[in-house]
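# Close look at the chain arrangement
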Amino acid sequence: KIIDITGPEPVEYRGFIPERKVVIPGSYEKDFPAGKYQVPCALIIGERKESTDLKTSLNEALREYDISTWKSTLMRIGFDAKRAYQNFTGLGNYSRDLIENLIELYPSNEYRLFAPKENKNPRLNYLSSHKSVSTIFPETPLNKTFKGLWRSINMEKSIIKNEIDVYHGLSNEIPRIKSHNIPYVVTIHDLIFKRYPRNYRNIDRKIYNAKFRYAVKHADLTIAISEQTKNDIVNYYDADPEKIKVI
C-alpha cells in the first residue's frame, strides 16, 4: 500500500507512484484476529527536488541510447540504522521491516544505512543481495571512539557527503542539523517515559526528552504510530499537529 500524506487527508495508491514523489517507509494500523498491529507501507511525503529530476532525466537519456552500464537511480534515502543492527525486537523489527519492504518495492532507489557499529544480525542478511544498499559507519578516529557523538552531532557531515535526498530517523531521533537543504523525517513510537516517569531513571528521562524534543521541533515531518502518540507529542512538546501524521 502507498499512502500520500502531503495533504489534509491521506490518499491511497496501489501498484504505482505518481511522478516526482518522495517516498519513505512507514506503517499503518490493521485489525487482525489476534489484535491490532502495525503493517509496513510506503509513504509519499513530498516531491523530488530539481537536482534529483536532472539526475533522473540523465538516466532516461542514457537508457535511450542503450548505455546499459548506467544504473538508474530515483532517490537516495538515508536511514538511522542503529536499531536495525543492534536491536533484535521492537524498534529493531520496525527498522528492518520498513527498510526491507522499501527495498523490495522500489529497487531503483539507493539506500544508505547509517549505523555507529556493525553487529552481526541474521535478520539483515538480505542486505548482501541488494547492490543498491550500503552501510555508513563512523570514519574518523574521534567518531569511531565516541560513536554516540557521531550519531547525535556529527552524522550530518556523513549525510551530506553521501548526497542523501531524504533522511529518516526510524527510532525517535535525528542528528543535529546545520544545513536545511535535506528533508528530515522522524518516527516517534511513544512517550512512555513522559507518561510513566517513575519507571525511568532521572538521567535517562532527561536524555530521551532532549532527543525527542529536538527531533519533533526540527524534522520536516513527524510520523506517530498511533493517535495517542500524536496527542502526546502535541501536549508535551507543543508541536504543530499539521506536521504530524499517524500511520
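Presented here is a report on the structure given in the accompanying data block.

Cut-offs and rules
- Residues numbered from 1 in each chain as written.
- Predicted model: local features only at pLDDT ≥ 70, side-chain atom pairs only at ≥ 80, totals over all residues.
- Heavy atoms only, no water.
- Helix = DSSP H or I, 4+ residues; strand = E, 2+ residues; numbered from the N terminus.
- Expected span 1.5 Å × (residues − 1).
- Buried < 20%, exposed > 50% of the residue type's maximum accessible area, 1.4 Å probe, protein only.
- Contact = heavy atoms within 4.5 Å.
- Salt bridge = Lys/Arg side-chain N within 4 Å of Asp/Glu carboxyl O.
- Pairing = 2+ DSSP bridges.
- Axes fitted to C-alpha atoms, helices over the stretch in contact; angles between N-to-C directions.
- Core = buried A, V, L, I, M, F, W, Y, C linked by side-chain atoms within 4.5 Å.

The terminal C-alpha atoms of helix H7 (residues 202-218), which comprises 17 residues, lie 24 Å apart, in line with the 24 Å expected from a rise of 1.5 Å per residue. Of the positions making up H7, those classed as buried are Asp-204, Asn-209, Phe-212, Tyr-214, Ala-215 and Val-216. Looking at the buried side of H7, the elements it contacts are strand E9 (184-188), helix H6 (192-195), strand E10 (221-224) and helix H8 (227-237).

Working definition: two side chains of opposite charge can pair if their charged atoms are close together. For the coordinates displayed, the defined rule picks out ten salt bridges. The partner of Asp-80 in a salt bridge is Arg-151, with the nearest N and O atoms 2.6 Å apart. Note that Asp-80 is positioned in strand E5 (residues 76-80) and Arg-151 in helix H5 (residues 147-161), a separation of 71 residues in sequence. The exposure class assigned to Arg-151 is buried, which follows from its relative accessible area of 6%.

Residues of strand E8 (residues 166-169) alternate between two faces, with Val-166 and His-168 on one and Tyr-167 and Gly-169 on the opposite face, all of them buried. When E5 meets E8, the two strands line up parallel, connected through three bridges. Paired with Gly-78 across the two strands is Tyr-167, which belongs to E8. By the bridge criterion, three bridges tie E8 to E9 in an arrangement that is parallel. Each bridged residue has a counterpart across the sheet, and for Tyr-167 the counterpart in E9 is Tyr-184.

Another point: the sheet that holds strand E4 (residues 35-47). The four strands lie next to each other as E2-E1-E4-E3, forming an open sheet whose pairing is mixed. Whereas interior strands pair on both sides, the edge strands pair on one side only; in this sheet they are strand E2 (11-13) and strand E3 (21-32). Averaged over all adjacent pairs, the angle separating strand axes in this sheet is 35°, with direction ignored. Packing against the sheet, helix H3 (residues 91-105) makes contact with E3 and E4, and its axis sits at approximately 120° to E3.

What follows concerns the nonpolar core. In this structure, Leu-43, Phe-79, Ile-99, Tyr-111 and Leu-127 are the most contacted members of the largest nonpolar core, which totals 38 residues. Those elements that provide at least two residues to this core are strand E1 (2-4), E3, E4, E5, helix H2 (82-86), H3, strand E6 (110-114) and E10. Those residues in contact with Leu-43 that lie beyond four places of it in its chain are Ile-3, Ile-5, Val-22, Val-23, Ile-24, Pro-25, Gly-26, Ile-223 and Ile-247. In this structure, Phe-114, Ile-136, Tyr-167 and Ala-219 belong to the second largest nonpolar core, which totals 25 residues.

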